[in-house]
Amino acid sequence: MTTFPSKAPEADGDERDPSLAGPRSAKTLRSRHAPLSSPAAQLAKLESVSIEGSALDFEAVLAAAGTAGLHPAPLEVFQINLGKLCNMTCRHCHVDAGPDRWDAMMTRDTIEACLRALAQTTAHTVDLTGGAPELHPDFRYVVEQAVARGKHVIDRCNLSVLLLPRNTGLVEWLGERGVEIVASLPHYRKRNTDAQRGDGAFEKSIEALRLLNAGGYGQGNPKRMLTLMSNPAGAFLAAAQHSVESEWKTALQREWGLSFDRLFALNNMPISRFLEWLVDSDNLEPYMARLAQSFNPAAVAGLMCRNTISISWDGRLFDCDFNQMLELDAAPDGRAMRVESFDFAAWQSRRVVTRRHCFGCTAGAGSSCGGATT
Ligand code: SF4
Ligand code: SF4
């Protein structure tokens, strides 16, 4: 079992906004012109993996488990990726987000198209993600619009972003609107978190959690829900969510006097910067074997691609955030679907696009933006 190195490399030198300075442990693939910055190269790398005795054809494995392809369930979650700008550059990031990603930011016109599409759907939740969605200039506008439409709103937050001067008062503002914070924190131990996010990331996370607790988050109030999202610090599967949750609750309370409402334990997906790390550390084949051998048929029904729509910063529609990053567009009739011409009936009648990375969602207890799927 290999884990991330605990010492982070030097910080990025290419960020365009110094106010976004924060901990980071890698540069974006894009800024390094890394071969795996291309989604096609990532898919080809996954296809090149050969594992003796392990079937890596996801559709064939599904079929053997009695499921002929993945088809939509009732739509519940409308997930908008506002862009790839982030104040951090975490080693495991599947988005290749970072402070240099001003190239990938949703326009106001696309936001308006999202709101029109939302009105056609049965989704009860609007899930705002990025990058760091709070850095988008229209973040508060989108939250206001979704709340005005009676939707439950989720802010996928990296914690440290709450400490930036531009976000002073944001916790109270979100709390007043009942926005749920789903905060990523690799681990409650400093070493594991800093290894993925860069030196100093852990202290900033603790400071942000203090801010959230002081603002009434994480105290059992359904209008100020604080969910933590953890992921393994290496090439292994997420531990059992319920036991991790209780371990974290005890540890964060004992060490820091902090509380939260619930915890999601996610598997790392073999794409983007995590894929690069798997390749560089010779972990790709063992990790893919582990994912495939841990296929759990019971995890299939709750896969997020079945009840979620994922919209990219440039208005394209995807089955999930991971397909979005691999540019596997939802294209039931051969043409990529776009939010400006959204057709709910067509969306609900599509077949989900799958590839080998999907084994990351069906391994062990299952893994999704909503945590374990079993
Ligand atoms: S994992 Fe999250 S916080 Fe880290 S770089 Fe990616 S989007 Fe930003
Ligand atoms: S990556 Fe996961 S959520 Fe996305 S299509 Fe594959 S199984 Fe579904």
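Residues numbered from 1 in each chain as written. Chains lettered and ligands numbered in written order. Predicted model: local features only at pLDDT ≥ 70, side-chain atom pairs only at ≥ 80, totals over all residues. Heavy atoms only, no water.

Novice: Talk me through the overall build of the protein; I want residue IDs and the actual numbers.
Specialist: On a plain count of helices and strands, the protein comes out with 13 helices and 8 strands. Each principal axis of the C-alpha atoms in the protein carries an extent, and together these give about 50 × 45 × 40 Å. Looking at the protein as a whole, 60% of its 374 residues qualify as buried. For the protein, the exposed surface amounts to about 14400 Å²; the carbon and sulfur share of it is 52%. (Helix = DSSP H or I, 4+ residues; strand = E, 2+ residues; numbered from the N terminus. Buried < 20%, exposed > 50% of the residue type's maximum accessible area, 1.4 Å probe, protein only. Areas by Shrake-Rupley, 256 points an atom, 1.4 Å probe, with all protein chains shown as cover.)

Novice: I'd like a description of the site of ligand 1, backed by residues and values.
Specialist: In the region of ligand 1, the neighbouring residues are Cys-86, Met-88, Thr-89, Cys-90, Cys-93, Ala-97, Gly-131, Asn-158, Arg-197 and Arg-273. A molecule is said to occupy a pocket when more than half its atoms come within 2 Å of that pocket's grid points, and by this definition ligand 1 occupies the largest cavity. When the residues that make up the shell around ligand 1 are grouped by side-chain class, the tally is 5 nonpolar, 3 polar and 2 charged. (Near = heavy atom within 4 Å. 1 Å grid on protein atoms, 1.4 Å probe; cavity = no way out; pocket = protein on both sides within 12 Å on 5 of 7 lines; lining within 4 Å. Sits in = over half its atoms within 2 Å of the grid points. Nonpolar A, V, L, I, M, F, W, Y, C, P; charged D, E, K, R; others polar.)

Novice: I'd like a description of the packing of aromatic side chains, backed by residues and values.
Specialist: In the structure shown here, the tally under the stated rule is 7 aromatic pairs. Centroid distance Phe-274 to Trp-277: 5.6 Å. Interplanar angle 25 degrees. Geometry classified as stacked. Here Phe-274 and its partner Trp-277 are both found in helix α9 (residues 272–280), 3 residues apart, which amounts to about one turn of the helix. Residue Phe-274 shares its accessibility class with Trp-277, and that shared class is buried. Considering the side-chain rings of Phe-342 and Phe-344, the 6.2 Å spacing of their centres and the 35 degrees angle between planes classify their relative orientation as tilted. Residue Phe-342 shares its accessibility class with Phe-344, and that shared class is buried. (Phe/Tyr/Trp six-rings, centres within 6.5 Å; stacked < 30°, edge-to-face > 60°.)

Novice: Lay out the nonpolar core in plain terms, naming residues and giving numbers.
Specialist: Phe-78, Ile-80, Leu-212, Leu-226, Leu-228 and Trp-248 are the most contacted members of the largest nonpolar core, which totals 110 residues. Other than its neighbours up to four places away in sequence, Leu-226 contacts Ile-181, Ala-183, Leu-209, Leu-212, Asn-213, Tyr-217, Gly-218, Ser-259, Phe-260, Asp-261 and Arg-262. Counting residues in hydrophobic clusters, the runner-up holds 5 residues, among them Ile-154, Val-182, Met-229 and Phe-264. (Core = buried A, V, L, I, M, F, W, Y, C linked by side-chain atoms within 4.5 Å. Contact = heavy atoms within 4.5 Å.)

Novice: Mind laying out the site of ligand 2, listing which residues take part and the relevant values?
Specialist: Neighbouring ligand 2 are Met-269, Leu-303, Met-304, Cys-305, Cys-320, Phe-322, Asn-323, Val-352, Val-353, His-357, Cys-358 and Cys-361. Given that more than half its atoms are within 2 Å of the pocket grid, ligand 2 belongs to the second largest cavity. Here the shell around ligand 2 is composed, by residue class, of 10 nonpolar, 2 polar and no charged.

Novice: Report on the environment of Arg-335, specifying residues and quantitative values.
Specialist: Along the polypeptide, Arg-335 turns up in the loop between α11 (321–325) and α12 (344–348). Within polar-contact distance, the side chain of Arg-335 engages the side chain of Asp-333 at 3.0 Å. (Polar contact = N/O pair within 3.5 Å; in protein donor to acceptor, adjacent residues only side chain to side chain.)

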